[in-house]
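# Geometric and topological summary
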There are 6 protein chains.
Amino acid sequence: MRPSGRAPDEMRAITIETGFTKHAEGSCLISFGGTRVLCTASIEERIPPWLRGKGEGWVTGEYSMLPRATHTRGMREAARGKQSGRTQEIQRLIGRSLRAVVDLKKLGERQITLDCDVLQADGGTRTASISGAWVALRLAVNGLLESGALKEDPITAKVAAISCGIYKGTPVLDLDYDEDSNADADANFVLIEGGQIAEAQATAEGATYDEEGLLRLLRLAQIGCDGIFKAQDEATK
Amino acid sequence: MRPSGRAPDEMRAITIETGFTKHAEGSCLISFGGTRVLCTASIEERIPPWLRGKGEGWVTGEYSMLPRATHTRGMREAARGKQSGRTQEIQRLIGRSLRAVVDLKKLGERQITLDCDVLQADGGTRTASISGAWVALRLAVNGLLESGALKEDPITAKVAAISCGIYKGTPVLDLDYDEDSNADADANFVLIEGGQIAEAQATAEGATYDEEGLLRLLRLAQIGCDGIFKAQDEATK
Amino acid sequence: MRPSGRAPDEMRAITIETGFTKHAEGSCLISFGGTRVLCTASIEERIPPWLRGKGEGWVTGEYSMLPRATHTRGMREAARGKQSGRTQEIQRLIGRSLRAVVDLKKLGERQITLDCDVLQADGGTRTASISGAWVALRLAVNGLLESGALKEDPITAKVAAISCGIYKGTPVLDLDYDEDSNADADANFVLIEGGQIAEAQATAEGATYDEEGLLRLLRLAQIGCDGIFKAQDEATK
Amino acid sequence: MRPSGRAPDEMRAITIETGFTKHAEGSCLISFGGTRVLCTASIEERIPPWLRGKGEGWVTGEYSMLPRATHTRGMREAARGKQSGRTQEIQRLIGRSLRAVVDLKKLGERQITLDCDVLQADGGTRTASISGAWVALRLAVNGLLESGALKEDPITAKVAAISCGIYKGTPVLDLDYDEDSNADADANFVLIEGGQIAEAQATAEGATYDEEGLLRLLRLAQIGCDGIFKAQDEATK
Amino acid sequence: MRPSGRAPDEMRAITIETGFTKHAEGSCLISFGGTRVLCTASIEERIPPWLRGKGEGWVTGEYSMLPRATHTRGMREAARGKQSGRTQEIQRLIGRSLRAVVDLKKLGERQITLDCDVLQADGGTRTASISGAWVALRLAVNGLLESGALKEDPITAKVAAISCGIYKGTPVLDLDYDEDSNADADANFVLIEGGQIAEAQATAEGATYDEEGLLRLLRLAQIGCDGIFKAQDEATK
Amino acid sequence: MRPSGRAPDEMRAITIETGFTKHAEGSCLISFGGTRVLCTASIEERIPPWLRGKGEGWVTGEYSMLPRATHTRGMREAARGKQSGRTQEIQRLIGRSLRAVVDLKKLGERQITLDCDVLQADGGTRTASISGAWVALRLAVNGLLESGALKEDPITAKVAAISCGIYKGTPVLDLDYDEDSNADADANFVLIEGGQIAEAQATAEGATYDEEGLLRLLRLAQIGCDGIFKAQDEATK
């Protein structure tokens, strides 16, 4: 039934290539099928002005799509002179999701910026971004621990994200572009290893859904995130 | 336990004053306690370029806070030269929520813009905006039906929105500013009369939550929206 | 002769509702007939960089129209990315007018921002803004005097503003939208209680005017401002 | 008493050098003492969208100061990314002033843009701009009449502008920078040959003024504009 | 003598991985040592407004660095709201260089945009961009020829670019970051297969250079471009 | 053969009028035939943030064309809200060229900004800008030496710039607009008195050129710059 022939609860292949770029303190190229996102973690020994004097650090995210990551070329946001509402919404989500698993006190007065640049898009770019950003963050923090700049690990758990949706009446996991553009409902879940939810967002498109539908989407997401946690584990071992 | 002394499932007083401004085709001043939003519906007999020739209309939302709607004055977005990510996220949500209950084919080739301007903020401005925007939309469409410009009602149902959250470990309904700034989790639900969900967004802040927590928040939202549907009914009778 | 049936020297009804919003240090909703402006005064204990070390304060104004304050919806300036020339001209006028009645040395090193947001427009929005801004300022400064933050009153007089114009050959007071859009000349006067002029601006539109015409407009403005001074008095007693 | 030693009703020397640049349809370098403005008139055979189909033309003005026209260097508005409120206020005034003496129907469907670029500033840049813009406009329209593109002269009269102010208690004509920065009141009048007023703007600075003061300023302006009309006459003969 | 141990006329390893992304009509990941640029060619069946009706096509370039392509993170241009002068200078160079080898008449009324996004920077990003853009263009045009959309090949030759410089007094080829930031002179040459020059840019930094120096740099560039032409040949065979 | 009747190695008349404006520390109006650029040097006793504490100064350039400097009116960059790529490229070139002849250590902790505003354009505006900027800089630095603010001259040599190109197959010096818009190749050289090159930029337009062509253009530039050095000498004596 799915255009890709996948079972409803079947993820696309996940690959995570760590160290994809050499300057960043942590980096990976994460792929969810045809969706490929370059995630880098940059450590800066300074904090935003509104945090000064609190003895805490900060974790933030930025997101962008290369102009030809998509089927048809999109105008460059830098040329347009501003970031779209969609971009800003996604980067706020990336930042919140990663902060949900970092103890900012333990991080100390430094900022880590997670840049997620989509090289190729095929649905699920924001969830791949969050999942890959965690890997980049983990690698960057490992460096701080190894160098002795940090004594205690500020990362409290793994975090991963996955999209689900209702496609032709059936809840399915990890929508690709063909499904995403025809889904009746479209959800993104950010889950923390151990069963907690960091963020749930479910939007009706055309059709609406009910409590039962929301629960079924959440359970698919739990299956999906379990797979991502494993991939993150292997990548950062 | 709540700073306001309300029971966990108790809403603040809702008032809806229709016809608050005279030029808009539909308007109301909606209050959820100390949160007051001026909602106007403006009908224009033109559609966005990308809809031309499809025989459909469009419904969109815009949102802004007056600079001193809040405890401390915020800089005017027009002076800053751009809308914040938060503003854009909210106006996208308002548009999606209202489109979930409009048959765009029946609306015909016209656009209705729902402007939600927060005169005073005390938590829940986006949910008051959506709930009030429906009233403004209903009044504007009534005008089109009365003038004969529309033969059939394009509005398919009521839509309302409410915030819930986990405050000191307890799920509570309709957070005011004091609760919102201290909640462990913060959720916004957009519900359609009859039990369907148009949008669910739940974010962990500090603590996280689980499936059980998400369900309890959703059920509070259903209680809240039932109250809003009644207020909308009375306001537009 | 006037579309509204008013006599040439007859103002529209003025109402001033103080305390319209709860967060601002001073606020009112002022109406000149169908023109309604929400004016708030916000006190901040900081001053612009170029005033530092001079032991003086600052008073400034900002102005905006809600998108559907007018007959047809206007694009939001925040969405357009900049404030129009008209908006900037008006906010500069508001600031200058209020500073004309404030002793900045006595105000001390603090800034008061007067936000004037037009909820509904029917001609004369800038003059209603100035007249209402004085009320908001008065209330805010009263608070500083009551709390002891200020020992001496920095406000030296009342200030009010009114529009006049030549409509079908006759000088008339307080133009509404119908008159304003058809006037031969259009003037705005900012007067100080006691007979002094803070600002006079008279523009020919279509026809021009002479010295005699300018004087007749000024005398109408004196009548109008006397009425506004009374309304300000009552509102702030 | 005046820093320059001029009598209260004495203008600075006015010079107008026509044809200062070769590409513009009309141009001049106008000087009011140390204030020097390059004014060009550019004819374009197109009109703004909102005028289409009305059989009318348009006249508009633009204004800028070179960064080092002033005592201390100012940041370039193009680098800052926006025009200041002051610039926009002045260019709106230039456009209105020139339109006051042009019959737009007779001009036909074309636009004339009057660019006023201040090469050196010493007070009164906006009034020199208006006075010089009329010369550039006159020369450009002469070209249209000579080439036969226009049969009838659309210019109905001369227009000129001059600043006056109250300096150390005395009304004076044509303020230079030293006076302008210390004046108690500052006025700009745009007058039409024959005695009519196109625009009057008088602002109190520090002190205020009364009806008598306004009249005395206007009468000085009439003296000043008579001198400018003569200079315009000679320059365009 | 060179930090990398290379001989003065020795290039870094060049690799070109074609088809790096799946949506673009042509794409490659080109590496000059540690400099890695993703180049995509996007064909659009429309042309810029100023070319309409001329029966010609257009080729243009865009350029960006990912924020963490460099040693320290740079702010995203989209967040800053504008492209830097450096970015604009480089994208103009890319466009001119590629147009030098395309017959725009033969291309027909379509536009090809060459996006060059630097994933990792180690000196020479603009020259790698031009060299890779040619490969992406070649692949995209091959597609047009294969599909029959084009009958004749509009590409007239290969084009490649390389940097050279004077490092510690010696002319050297293909500067990496360490050399580039310490060079006395820095040059970029865009050469066309067969010996012609499309663009030469040589800038003194600290020291200057003479005619002899310019010639020696040009000859190194010819050596370098011969190597790039070979790599382009193999990649597009 | 040249539209102007000039010999291939013949410059247009150069005139330099120093002290063209009175506020700048140094200024001149430079003309290369019909190209006229106002160059001013502004000294500020502050340096950019990234230079603080290094004991060095800075020299930078800015460039703009008045809207009607050209055959048809161009939109003002300040109105457009950003500087074009061409403008930024030219101002970067002006800054680099002048810094090539200034010892920034000797200049001390101050910044000199060279503003080049094109009053009338007829080809070669960037090269006239650089050549005139040197004169403005020389005059401003002379002032610093005379006042004793500087003990030692930080200017190490003269710098001048000229354009050359291949027009109808022949290398020619100092292109005017008619030649520039039809040239096969277009080059700009920035030369330092004594024979050194600060910057060489040669771009093929339509046709390309070879090593021999590049050399011939450079030699023409040397002839041209010798003439400019003489004019600079006379202007600053």
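Throughout, a residue's number is its position along its own chain's written sequence, starting from 1. Here chains are named by letter from A upward and ligands by number from 1 upward, in the order in which they appear as written. Per-residue local features of the predicted model are confined to residues with pLDDT of at least 70, and side-chain atom pairs are confined, for both listing and counting, to 80 or more; whole-chain, interface and lining totals are unaffected and use all residues. Derived side-chain values reflect all non-hydrogen atoms in the structure, with water molecules and hydrogen atoms excluded from consideration.

### Considering the interface of chain E and chain A
Here is the rule we go by: Contacts are assigned to residue pairs with any non-hydrogen atoms lying within 4.5 Å of each other. Throughout, buried area stands for the accessible area (probe radius 1.4 Å) lost by two parts on being put together, summed over both. One speaks of a salt bridge when a side-chain nitrogen belonging to Lys or Arg is within 4 Å of a carboxyl oxygen belonging to Asp or Glu. A 3.5 Å cut-off defines polar contacts: any pair of N or O atoms within that distance qualifies, except that in protein one atom must be a possible hydrogen donor and the other a possible acceptor, and neighbouring residues in sequence count only when both atoms are side-chain atoms. Helical segments are the DSSP runs of H or I of at least four residues, strand segments are the runs of E of at least two, and each set is numbered from the N terminus. In this classification, the charged set is Asp, Glu, Lys and Arg, the nonpolar set is Ala, Val, Leu, Ile, Met, Phe, Trp, Tyr, Cys and Pro, and all remaining amino acids, among them Gly, are polar.
Counting residues at the interface gives 39 residues for chain E, matched by 39 residues for chain A. Interface of chain E and chain A: buried area, both sides summed, is about 3000 Å²; carbon and sulfur atoms make up 49% of it. Applying the counting criterion to the chain E and chain A interface returns 14 salt bridges. Here Arg76 of chain A ties to Glu62 of chain E by a salt bridge, and the two come within 2.9 Å at their closest N and O atoms. Linking chain E with chain A are 22 residue pairs in polar contact (both at pLDDT 80 or more), by the criterion used here. Going through the elements one at a time, β3 (35-44), β4 (58-65), α1 (77-80) and β5 (111-120) of chain E are the ones with two or more residues in the side of chain E that touches chain A. It is β3 of chain E that provides the largest number of residues to the side of chain E that touches chain A, a total of seven residues. When grouped by side-chain class, the residues that make up the side of chain E that touches chain A number 14 nonpolar, 12 polar and 13 charged.

### Structural notes on the UniProt feature "binding site: phosphate" (unreviewed entry) in chain A
Residue and element names in this part refer to chain A. Stated precisely, the cut-off is as follows: UniProt positions are given in the numbering used here, feature names are shortened, and annotations may be inferred rather than shown by experiment. For every residue, the accessible area obtained with a 1.4 Å probe (protein chains only) is divided by the maximum for its type, and the residue is called buried under 20%, exposed over 50%, and partly exposed between those limits.
Taking the UniProt record as the reference, the feature "binding site: phosphate" (unreviewed entry) is found at Arg86, Gly124, Thr125 and Arg126. In terms of the greatest pairwise C-alpha distance, the residues named above, spread along 41 residues, form a tight cluster of at most 13.4 Å across. Positionally, Thr125 belongs in helix α4 (residues 125-147). Taking relative accessible area as the criterion, Thr125 reaches 6% and is therefore assigned buried. Discounting residues that sit within four places of it in the chain, Thr125 has contacts with Thr35, Val37, Tyr63, Arg86 and Val118. Here Arg126 lies in helix α4. When neighbours within four sequence positions are excluded, Arg126 is seen to be in contact with Arg86, Glu89, Ile90, Leu93, Asn188 and Gln201.

### Overview of the relation of the copies chain E and chain A
Using the following cut-off: The copies were overlaid with a least-squares fit restricted to C-alpha atoms from residues scoring a pLDDT of at least 70 in each copy.
The transformation that overlays chain E on chain A combines an axial shift of 0.0 Å with a rotation of 180°, and the residual RMSD is 0.0 Å. In short, the pair behaves as if placed about a two-fold rotation axis. By C-alpha distance to the rotation axis, the residue of chain E lying nearest is Ala78 of chain E, at 1.9 Å. The residues that chain E uses at the interface reappear at the interface of chain A in 100% of cases, marking a shared surface.

### Remarks on the arrangement of the chains
No part of chain A reaches chain D; the closest C-alpha pair between them is 11 Å apart. Left apart from each other, chain C and chain E have a closest C-alpha approach of 11 Å.

### With respect to the sheet that holds strand β4 (residues 58-65) of chain B
All names here are of chain B. Here is the rule: Note on pairing: DSSP must find at least two bridges between two strands before they are called paired. Helix axes use the C-alpha atoms of the stretch in contact, all axes being lines fitted to C-alpha atoms, and the angles between their N-to-C directions lie in the range 0 to 180 degrees.
Across the sheet, five strands lie side by side as β1-β2-β3-β5-β4; this open sheet has mixed pairing. At either margin of the open sheet sits one strand with a lone partner, and together these are β1 (14-18) and β4. Across the sheet, the mean angle from the axis of one strand to that of its neighbour is 20°, orientation sign disregarded. In this structure, strand β3 (residues 35-44) lies alongside strand β5 (residues 111-120), joined through nine bridges in antiparallel fashion. In the strand pairing of β5, Leu38 is matched with Asp117.

### Structural notes on the sheet that holds strand β1 (residues 14-18) of chain A
Strands in a sheet are paired, the pairing made by backbone hydrogen bonds, and the direction either parallel or antiparallel. All names here are of chain A. Ordered by their spatial adjacency, five strands build an open sheet running β1-β2-β3-β5-β4, and the pairing between neighbours is mixed. Of all strands in the sheet, those bounded by a partner on one side alone are β1 and β4 (58-65). Between one strand axis and the next, the sheet turns through 20° on average, direction left out of account. Looking at chain direction, β4 and strand β5 (residues 111-120) are connected through eight bridges and run parallel. Each bridged residue has a counterpart across the sheet, and for Ser64 the counterpart in β5 is Asp117. The sheet strands contacting helix α2 (residues 85-99) are β4 and β5, and the helix crosses β4 at an angle near 145°. Across the sheet, helix α6 (residues 211-236) touches β1 and β2 (26-32), and the angle it forms with β1 is around 25°.

### Some remarks on the pattern of salt bridges
This structure, assessed with the given rule, holds 138 salt bridges over all chains. A salt bridge links Asp115 of chain D to Arg76 of chain F; the nearest nitrogen and oxygen atoms lie 2.6 Å apart. Placement of Asp115 of chain D in strand β5 (residues 111-120) and of Arg76 of chain F in the loop between β4 (58-65) and α1 (77-80) is noted, with the two residues assigned to different chains. For the pair Asp115 of chain D and Arg76 of chain F, a shared accessibility class is recorded, and that class is buried.

### Some points on helix α4 (residues 125-146) of chain D
Residue and element names in this part refer to chain D. Inclusion rule: Expected helix span is taken as 1.5 Å per residue step, with the number of steps being one fewer than the number of residues.
Along its 22 residues, α4 runs 31 Å from first to last C-alpha, staying within 8% of the 32 Å computed at 1.5 Å per residue. Taking burial as the measure, the 22 residues of α4 include 17 buried ones, the bulk of the element. Gly148 lies just past α4 and shows a positive phi near 85°.

### So, the packing of α4 of chain D against helix α6 (residues 211-236) of chain D
Residue and element names in this part refer to chain D. Cut-off, in case you're wondering: These descriptions rest on fixed angle ranges, namely under 35 degrees for roughly parallel, over 145 for roughly antiparallel, 65 to 115 for roughly perpendicular, and the rest for oblique. By the definition used in this description, the sense in which the near helix is turned from the far one sets the handedness, with an anticlockwise turn below a right angle giving left-handed and a clockwise turn giving right-handed.
Where α4 meets α6, the closest approach of the two axes is 10 Å, and the angle between their N-to-C directions is 30°. Taken together, the axis directions place α4 and α6 in an arrangement best described as roughly parallel. The interaxial crossing formed by α4 with α6 has right-handed handedness. Between α4 and α6, the residues in contact are Ser131, Trp134, Val135, Arg138, Leu139 and Asn142 and Ile228, Gln232 and Thr236, respectively. Class assignment of the residues belonging to the contact of α4 with α6 gives a composition of four nonpolar, four polar and one charged.

### Observations concerning the interface of chain C and chain D
Chain C puts 28 residues into the contact, and the matching count from chain D is 28 residues. Taken together, both faces of the contact between chain C and chain D bury some 2600 Å²; the carbon and sulfur share is 47%. Between chain C and chain D we count four salt bridges in total. Glu89 of chain C serves as the salt-bridge partner of Arg92 of chain D, at 2.8 Å between the closest nitrogen and oxygen. The interface formed by chain C and chain D contains 16 residue pairs in polar contact (both at pLDDT 80 or more). For the side of chain C that touches chain D, the secondary-structure elements that each account for two or more residues are α2 (85-99), β9 (196-204) and α6 (211-236) of chain C. When residues of the side of chain C that touches chain D are assigned to their parent elements, the largest contribution, nine residues, is made by β9 of chain C. Here the side of chain C that touches chain D is composed, by residue class, of 10 nonpolar, 10 polar and eight charged. As judged from the five bridges shared by β9 of chain C and strand β9 (residues 196-204) of chain D, these two strands associate in the antiparallel manner.

### A short note on the environment of Met65 of chain D
Residues and elements named next belong to chain D. Counting through the fold element by element, Met65 comes out in strand β4 (residues 58-65). Since its relative accessible area comes to 27%, Met65 is described here as partly exposed. With 11 residues separating them along the chain, Met65 and Arg76 place their C-alpha atoms 8.5 Å apart. Other than its neighbours up to four places away in sequence, Met65 contacts Thr70, Arg86, Val118 and Ala121.

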